[in-house]
Amino acid sequence: MTDWPEIEKKYYMRTFEKVRVPIVLERGKGARVWDDKDKEYLDFVAGWAVDCLGHASPVVTNALTKQAKKIIHTSNQFYTIPQLQLAELLVKNSCLDRVFFANSGLEANEGAVKLARRYGKLKLNGAYEVITAIGSFHGRSLALTAATGQESFHTPYLPMPEGFINVKYNDIEAMKAATTAKTAAVMLELIEAESGVIVPDAEYLKKVRQWCDQKGILLILDEIQTGICRLGALFGYQLYGIEPDVITIAKGLAGGVPIGAVMAKEHASVFVPGDHGGTFGGNPLACAVGYAVMTHILEKDIAGNVRKVGQYLMEGLERLKKKYSFITDVRGKGLLIAVEFNSEIGQNVLMACLENGLLVNKVKPNAIRLMPPLIIGNKDVDEAVGILDKVFSAVVI
Ligand SMILES: Cc1ncc(COP(=O)(O)O)c(C=O)c1O
């Protein structure tokens, strides 16, 4: 049998060494995946919160094959129907007025930052700074590495591009103190997902909204991980009683096919012809799948399922927290949940889950993150909680 990890070692750049686990995934169906030895796993990673309808969903595969047979790519020199259908659907189901499609979360955020700079130039006397939060993660371009409020991401690439101020998350006074005449926008994740699923206080986002209104600056919400029903509403902001000026989405939008989008309210849609673009962004293939996924999500009330099953999962994890004193916290919303431990056992827990047929993500040395497909049911939750129980019962602290 081919030793694929050995081949990786020889030919692939080493950047994923910290996160790769020693299995080779070959196929999937629903919330299950199988490796090259035909071992089955329940997938609570879902491609890092991407595979919202599970694996090999007919919604995705039918749209993909149907569109691939028609036309895959044309360039934005021409109008294509899936791009405009998806744009219309997104706008009609959000508080935003316009869309620009990209290919990833990073690209969507890059568009949002450029939009903020254009806004600053046109409406705020040349303001260009974007305030982001410590602990945030916004992507890996140079600009978004600077936006990302984690020093470990900056250090290998110093000097960072200027124009990004990282302030304490969940602290409105820190944001106020950092706001100057140079500030064009605030950019925040609704929940700091990559930092360990850090949920803000209920009032924080409302206060940020008020502050942005008071200062006339843009509020950009990075919903790349929290959008597309992950938290139990189509967009996370809908759960927090605020309306952003700009949001970015990606991950679940086309159920696993690469896509990203920046959406803005009319007053913030300040790009003029030539300001921004891209060869692949908005291509008919990704957009046709996005349109099929979004239509399905809305028709089948996937957000409702997330609320129901997410609550059930939370209750199961709370029971485990009561049972095992080394679990210090269970937190999250919908189907984005972290379990935190009192020591750095995340990797051991991950490996033991793997052994027992459950895929989880080690989000921090002392925490795992669960972000399963949004179509799971209570039976899947029972199975996952059962495996976690078994794994935790063997933990020696
Ligand atoms: C909140 C958030 N923003 C941006 C990104 C970057 O998205 P991508 O990896 O598609 O570039 C991620 C990826 O995990 C994310 O979680």
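Caption draft 1: Up close: the nonpolar core. The biggest cluster of nonpolar side chains holds 124 residues, and the ones touching the most others in it are Leu 188 and Phe 392. Examining the composition of this core, we find that eight residues originate from one element, helix 11 (residues 302-323), more than from any other. If we skip the residues at most four places from it in the chain, Phe 392 touches Leu 320, Tyr 324, Phe 326, Ile 327, Val 339, Phe 341 and Val 349.

Caption draft 2: Structural detail: the site of the ligand. Neighbouring the ligand are 13 residues; Gly 105, Leu 106, Asp 222, Gln 225 and Lys 251 lie closest to it. In this structure, Gly 105 approaches the ligand through a main-chain N or O atom, which is 2.8 Å from an oxygen atom. Contact distances for the ligand include 3.0 Å between an oxygen atom and a side-chain N or O atom of Lys 251. Coverage of the ligand by the protein amounts to 81% of the 390 Å² it exposes when considered alone.

Caption draft 3: View of the pairing of strand 7 (residues 183-189). When you tally the buried positions in strand 7, you get seven out of seven residues, the bulk of the element. With three bridges joining them, strand 5 (residues 129-133) and strand 7 adopt parallel strand pairing. Note that in strand 7 the partner of Glu 129 across the bridge is Thr 183. Handedness of the strand 7-helix 9 (residues 204-215)-strand 8 (residues 218-222) crossover: right-handed.

Caption draft 4: Expanded view of the pairing of strand 2 (residues 32-35). Burial along strand 2 is two-sided: Arg 32 and Trp 34 and Val 33 and Asp 35, pointing in opposite directions, are all buried. Pairing of strand 1 (residues 25-29) with strand 2, which is carried by four bridges, proceeds in the antiparallel orientation. Across the sheet, Lys 29 pairs through a bridge with Arg 32, a residue of strand 2. The antiparallel pairing of strand 1 with strand 2 creates a hairpin that spans two residues between the two strands, and Gly 30 there sits at a positive phi of about 60 degrees. Between strand 2 and strand 3 (residues 40-43), which pair antiparallel one after the other, the connecting turn spans four residues, and Asp 38 there sits at a positive phi close to 70 degrees.

Caption draft 5: The arrangement of the environment of Leu 253 in detail. By the element assignment, Leu 253 lies in the loop between strand 9 (246-249) and strand 10 (260-264). We classify Leu 253 as buried; its relative accessible area is 0%. Once the C-alpha coordinates of Leu 253 and Met 160 are considered, the two residues, 93 residues apart in sequence, prove to be 30 Å apart. In this view, Leu 253 contacts Leu 90, Ile 228, Ile 259, Ala 261, Gly 290, Val 293 and Met 294; residues no more than four positions away in its chain are not counted.

The rules behind the values
- Residues numbered from 1 in each chain as written.
- Predicted model: local features only at pLDDT ≥ 70, side-chain atom pairs only at ≥ 80, totals over all residues.
- Heavy atoms only, no water.
- Core = buried A, V, L, I, M, F, W, Y, C linked by side-chain atoms within 4.5 Å.
- Buried < 20%, exposed > 50% of the residue type's maximum accessible area, 1.4 Å probe, protein only.
- Helix = DSSP H or I, 4+ residues; strand = E, 2+ residues; numbered from the N terminus.
- Contact = heavy atoms within 4.5 Å.
- Near = heavy atom within 4 Å.
- Polar contact = N/O pair within 3.5 Å; in protein donor to acceptor, adjacent residues only side chain to side chain.
- Areas by Shrake-Rupley, 256 points an atom, 1.4 Å probe, with all protein chains shown as cover.
- Pairing = 2+ DSSP bridges.
- Right-handed = clockwise from strand over helix to strand, strands pointing away.

So, to be careful, I would describe these as geometric facts and stop short of saying anything about function.
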